[in-house]
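Architecture and fold: a report
Single-letter residue listing:
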Number of protein chains: 2
Amino acid sequence: MTLENEHCNVVATLRKAGLSRTTQRMAVLKVMIQADGPLSVGEILKRTDLEQRINKVTVYRILSSFKENSIIRELPTDHGMSLYEMACLHNPVHPHFYCKTCRTMSCLPPLRLSQALDWFAGPSTFRIDDVHVHVNGVCRQCQERS
Amino acid sequence: MTLENEHCNVVATLRKAGLSRTTQRMAVLKVMIQADGPLSVGEILKRTDLEQRINKVTVYRILSSFKENSIIRELPTDHGMSLYEMACLHNPVHPHFYCKTCRTMSCLPPLRLSQALDWFAGPSTFRIDDVHVHVNGVCRQCQERS
DNA sequence: CATTAAATGCAACTTGATTGCAAATATTTT
DNA sequence: AAAATATTTGCAATCAAGTTGCATTTAATG
């Protein structure tokens, strides 16, 4: 198995971010790049374990550093658990659908929301209960404080 | 202190939802109606405690029943914690800004997102790191299963 | 007022996530 | 290349949000 898929390159991504190429970071990044959709920490652990066992804490720290460097995006859920996805050029910001029953997050096409809703109203549809627009950042006071 | 503010009425809201008028439910709903913005469970506890001590578990159960009856909306955050706000006519769905530093959630005007972003770029600005559109509901398989 | 159903409180527990610190691994310097 | 330094990792313990089971209390019903 190679260290790159059709899209992103593990080594290049880490270098660009100025992060050292540790075995664990490479394994996590590889799993993220090859993911079919947003992954939980548990799922990331399962997938990296296939090749090498990584400590849960290490995965959290790696994800945290990836997030700081905008390599990945974090998607919080209603169930006190976050999911993670690549934030690379090949995976631009897009809406997500979260099933509150099976707790699965799926990606919506990066359309205007109205179109996305039409798309969802199609044949194999979901029941939509609510739509949240969530802006993350740092408020003025916190910026001034640092 | 009365049981209604300029907007919503505690008793009417509970009756409409078919929920019994317990002391605790009324206290929580009153706090929610009088809230200046989304509240955490901890904050709700603090505010209800001023008049009567309510168990944490009870608050969770009350919020859960309010959510099921669309009396409130739940807003999950990056920090494994949810915030809650009224879902009444006077508080229509709108975007939120979450400061990842002080962990405060503030409401954005219910404008088109592009306008809201302009608004945010104004004089007293926030630093925006990312915008998430999050659709909650039940996926097809889970619907069929129930 | 008595009966029945629903809601609450408490204690214990589950789970996602974090912290402190020692050991291991990378990077830098000589 | 080896030694010195800085970074990263793993483990154990811990924290905090949220949940569950069950006995008790409170509200709704007749």
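As a reminder, the structure under discussion sits directly above these lines.
Residues numbered from 1 in each chain as written. Chains lettered and ligands numbered in written order. Predicted model: local features only at pLDDT ≥ 70, side-chain atom pairs only at ≥ 80, totals over all residues. Heavy atoms only, no water.

1. Considerations on the overall build of chain A
Quick reminder of the rule: Under the DSSP-based scheme used, a helix requires at least four consecutive residues in state H or I and a strand at least two consecutive residues in state E, with every element numbered from the N terminus. Exposure is judged per residue with a 1.4 Å probe applied to protein chains only, and the accessible area is read against the type maximum: over 50% gives exposed, under 20% gives buried, and values in between give partly exposed. We call two residues in contact when some of their heavy atoms are within 4.5 Å.
On a plain count of helices and strands, chain A comes out with 6 helices and 6 strands. For chain A, the sequential pattern of α-helices and β-strands runs α-α-β-α-α-β-β-β-β-α-β-α. Within chain A, the proportion of its 146 residues that are buried is 42%. The contacts of chain A with a sequence gap of at least 6 include a subset with a gap of at least 24, amounting to 40%.

2. A short note on the protein's contact with DNA strand D
Test applied: Throughout this document, a residue counts as near a molecule or strand when at least one of its heavy atoms sits within 4 Å of that molecule or strand. Here a polar contact means two N or O atoms within 3.5 Å. Within protein one must be a hydrogen donor candidate and the other an acceptor candidate, and residues neighboring in sequence count only if both atoms are side-chain atoms. Put simply, Ala, Val, Leu, Ile, Met, Phe, Trp, Tyr, Cys and Pro go in the nonpolar bin, Asp, Glu, Lys and Arg in the charged bin, and everything else, Gly too, in the polar bin.
Taken together, 21 residues sit near DNA strand D, with A:Thr22, A:Gln24, A:Arg25, A:Thr58 and B:Tyr60 positioned nearest. Within 4 Å of the protein, atoms of DNA strand D come from sugar and phosphate in 63% of cases. The contact in question runs from a phosphate oxygen of DNA strand D to an N or O atom on the backbone of A:Asn55, over 3.2 Å. Here a phosphate oxygen of DNA strand D and a side-chain polar atom of B:Tyr60 are 2.6 Å apart. When residues of the surface near DNA strand D are traced back to their parent elements, those giving at least two are α2 (23-34) and α4 (56-68) of chain A together with α4 (56-68) of chain B. Of the residues in the surface near DNA strand D, the class split is 6 nonpolar, 9 polar and 6 charged.

3. Re the sheet that holds strand β3 (residues 82-86) of chain A
Pairing between sheet strands relies on hydrogen bonds along the backbone, with the strands arranged either parallel or antiparallel. All names here are of chain A. Rules: For two strands to be treated as a pair, DSSP must find at least two bridges joining them.
Read from one edge of the open sheet, 3 strands run β1-β3-β2, paired in antiparallel fashion. Two strands bound the open sheet, and with one partner strand each, they are β1 (39-40) and β2 (72-76). Across 2 bridges, β1 lies against β3 in antiparallel orientation. Bridged to Ser-40 within β3 is Leu-83.

4. Observations concerning the protein's contact with DNA strand C
Residues in close proximity to DNA strand C total 21 residues, the closest being A:Tyr60, B:Thr22, B:Gln24, B:Arg25 and B:Thr58. Among the atoms of DNA strand C close to the protein, meaning within 4 Å, 62% are from sugar or phosphate groups. At a separation of 3.2 Å, a sugar or linking oxygen of DNA strand C approaches a polar backbone atom of A:Gly80. The contact in question runs from a phosphate oxygen of DNA strand C to an N or O atom on the side chain of B:Arg25, over 2.6 Å. Going through the elements one at a time, α4 of chain A together with α2 (23-34) and α4 of chain B are the ones with two or more residues in the surface near DNA strand C.

5. Description of the relation of the copies chain B and chain A
Threshold: Alignment of the copies relies on least squares applied to C-alpha atoms, considering only residues that score at least 70 for pLDDT in both.
It takes a turn of 179° to lay chain B on chain A, together with a shift of 0.0 Å along the axis; the resulting RMSD is 0.1 Å. Here the transformation between the copies is reduced to the relation of a two-fold axis. Taken as a fraction of all interface residues of chain B, those also at the interface in chain A reach 100%, which identifies the copy contact as same-surface.

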